[in-house]
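The residues making up each chain are set out below.
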Amino acid sequence: MAQAENIAKGGIGLFCDRLIPAGIIVRCDIALSDLALSIPTLMRVRWTDPLENKKRYRAGLQFLL
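Below is a short write-up of the structure. Nothing here was measured: the structure is a model prediction, and the numbers come from that model. (Residues numbered from 1 in each chain as written. Predicted model: local features only at pLDDT ≥ 70, side-chain atom pairs only at ≥ 80, totals over all residues. Heavy atoms only, no water.)

1. Quick notes on the state of the cysteines
Here is step 1: Enumeration according to the criterion identifies zero disulfides in this entry.
Here is step 2: The thiol of Cys16 is not disulfide-bonded; the next cysteine sulfur, from Cys28, is found 10 Å away.
Here is step 3: Assessed through its relative accessible area of 3%, Cys16 is described here as buried. (Disulfide = S-S within 2.5 Å. Buried < 20%, exposed > 50% of the residue type's maximum accessible area, 1.4 Å probe, protein only.)

Have a look at this one:
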């Protein structure tokens, strides 16, 4: 599970609990907090960095669809 940090036209920055290798393609469901629906999309992981405690990571994903 991950939590969005920011979202832009080209992609999403997020916090996650696991290291996601750069270059892989992942299927994401973007949940909207006020609505009971989510938007499915495919994204490419562009980079992942560990946070100070190394129990969480920041990642940048690029929209493919």
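2. Structural notes on the nonpolar core
Here is step 1: Counting residues in hydrophobic clusters, the biggest one holds 11 residues: Ile12, Leu14, Cys16, Ile20, Cys28, Ile30, Met43, Val45, Tyr57, Ala59 and Leu61.
Here is step 2: Those residues in contact with Cys28, other than ones at most four positions away along the chain, are Ile39, Pro40, Thr41, Met43 and Leu61. (Core = buried A, V, L, I, M, F, W, Y, C linked by side-chain atoms within 4.5 Å. Contact = heavy atoms within 4.5 Å.)

3. Brief notes about the pattern of salt bridges
Here is step 1: On inspection of all chains with the given rule, the structure shows three salt bridges.
Here is step 2: Two residues, Arg56 and Asp17, come together in a salt bridge whose shortest N-O distance is 2.9 Å. Of this pair, Arg56 sits in the loop between strand E4 (38-50) and strand E5 (57-63) while Asp17 is found in the loop between strand E2 (11-16) and strand E3 (25-31), placing the two residues 39 residues apart along the sequence.
Here is step 3: Exposure remark for Arg56: the relative accessible area of 28% places this residue in the partly exposed category. (Salt bridge = Lys/Arg side-chain N within 4 Å of Asp/Glu carboxyl O. Helix = DSSP H or I, 4+ residues; strand = E, 2+ residues; numbered from the N terminus.)

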